[in-house]
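Working through the structure, step by step
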Amino acid sequence: MSTCPNCGGTLMNLAGRAYCSKCGKTFSLNEQSSQVTKSYNVKEMSGDTLFDKVRHGVVELETSSARGTGFLISQRYVLTCAHCVYDEDMRVVSSINVKFANNSVIKGKVKYVGDDARHLSTQIDLAVIELQSSIPLNSPILRFADYTTVRNGQTIYAIGNALGMGICITKGIVSDRLRKGPDGRNHMLIDCNAFHGNSGCPIFNDDGLVISILDMGFDQYDNGVNYAIPASEATAFLRKCNL
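From a predicted model like this one, the values you see are computed outputs, not experimental measurements.

Quick notes on the pattern of salt bridges
Using the criterion set out here, one finds eight salt bridges in the structure. Salt-bridge contacts for R76 lead to E130; the nearest nitrogen and oxygen are separated by 2.3 Å. Of this pair, R76 sits in the loop between β6 (67-72) and β7 (77-80) while E130 sits in strand β10 (residues 127-131), and the two are 54 residues apart along the sequence. Classification of R76 as partly exposed rests on a relative accessible area of 44%. Judged by its relative accessible area of 11%, E130 is buried.

A word on the packing of aromatic side chains
Counting across every chain of the model gives one aromatic pair. Between F71 and F144, the ring centres sit 6.0 Å apart and the planes meet at 70°, which makes this aromatic pair edge-to-face. One end of the pair, F71, is in strand β6; the other, F144, is in the loop between β10 and β11 (155-161), with 73 residues separating them in the sequence.

Re the sheet that holds strand β13 (residues 186-190)
The six strands are arranged β11-β12-β13-β16-β15-β14 in a closed barrel whose pairing can be described as antiparallel. Averaged over all neighbouring strand pairs, the angle between strand axes comes to 45°, with direction disregarded. As paired elements, β11 and strand β14 (residues 202-204) share two bridges and run antiparallel to each other. When the bridges of β14 are listed, A158 appears paired with I203. Along the sheet, helix α1 (residues 47-54) makes contact with β11, β12 (167-180) and β14, crossing β11 at roughly 45°. Running at roughly 45° to strand β16 (residues 226-230), helix α2 (residues 231-240) makes contact with β13, β15 (210-217) and β16 of the sheet.

Digging into the side chain of N198
Here N198 shows up in the loop between β13 and β14. Assessed through its relative accessible area of 4%, N198 is described here as buried. Excluding residues that lie within four positions of it along the chain, N198 makes contacts with T69, G160, N161, A162 and L214.

Points about the state of the cysteines
With the rule as written, the count across this model stands at zero disulfides. Summary of cysteine pairing: C81 is not part of a disulfide, and the nearest cysteine sulfur, belonging to C84, is at 5.1 Å. For C84, a relative accessible area of 9% translates into the label buried.

Some remarks on the sheet that holds β7
Around the barrel, six strands lie side by side as β5-β6-β7-β10-β9-β8; this closed barrel has antiparallel pairing. Strand-to-strand, the axes of this sheet are offset by a mean angle of 40°, without reference to chain direction.

Each value, and the rule that gives it
Within each chain, residues carry numbers counting from 1 in the order of the written sequence. Restriction of local features to residues with pLDDT of at least 70 applies here, the model being predicted, together with a cutoff of 80 or more for giving and counting side-chain atom pairs; totals for whole chains, interfaces and linings are based on all residues. For side-chain calculations, the full set of non-hydrogen atoms in the structure is used, while hydrogens and water are omitted. Throughout this description, the term salt bridge denotes a Lys or Arg side-chain nitrogen within 4 Å of a carboxyl oxygen of Asp or Glu. Helix and strand labels come from DSSP, where a helix needs a run of H or I of at least four residues and a strand needs a run of E of at least two; each type is numbered from the N terminus. Note on classification: 1.4 Å probe, protein chains only; a residue is buried when its accessible area is under 20% of the maximum for its type, exposed when over 50%, partly exposed between these limits. Here the aromatic set is Phe, Tyr and Trp, taking the six-membered ring for Trp, and pairing holds for ring centres within 6.5 Å; pairs whose planes are under 30 degrees apart are stacked, those over 60 apart are edge-to-face, and all others are tilted. Strands pair, by our definition, only if DSSP identifies at least two bridges between them. A fitted line through C-alpha atoms represents every axis, and for helices the fit uses only the stretch in contact; the resulting angles, taken between N-to-C directions, go from 0 to 180 degrees. Every residue pair with non-hydrogen atoms within 4.5 Å of one another is taken to be in contact. Defined by distance alone, a disulfide is two cysteine sulfur atoms within 2.5 Å.

This is the structure:
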């Protein structure tokens, strides 16, 4: 065992990584995978620093019938919600405009969809968009956090295309790290404000890592209750897509 550089607590070896039982931080003991990055920053980022770091990895989505949000998971692919890629007749759209922070727009097409018009509890409200040309040079690939590190009450940030008016940031906490949503699927319950257009937006922890993807809210509760797909569910979906 050794000492946690974040709080001085005792580190324990847990499934190939060092875990601090005092502050809940994890530190990588072995090579990081391409999709999951362990939480290792000693100092938590402020909201403005985090926004500057990840903003260029978040994109606006526009189809013939809707606007939403997505984020880069590779040089070729954007992750978003499945319900963002359907038209008014519940058919997958043929083309999507993907707008980056420098205002450049790249055409995209739907590569994988985890949901369909039936919205079964066994499905997942996620979709992968394949970009048809190269992304801007300063666009970072966003990484997922290890979901075992997520704690109720921790600070979170949502960055998305609120009301279709462009990318903005809101702040909140994790209300419940794992709860069955009204659709019968596993969700993270959050109190972060979210609006139409935020669907598909990444939810970040203080380290700038994605811990969930916002997919459902309730206007009648004045945006106080919103649901997001846990990073663990998202990475499982991407593995099924061989990504």
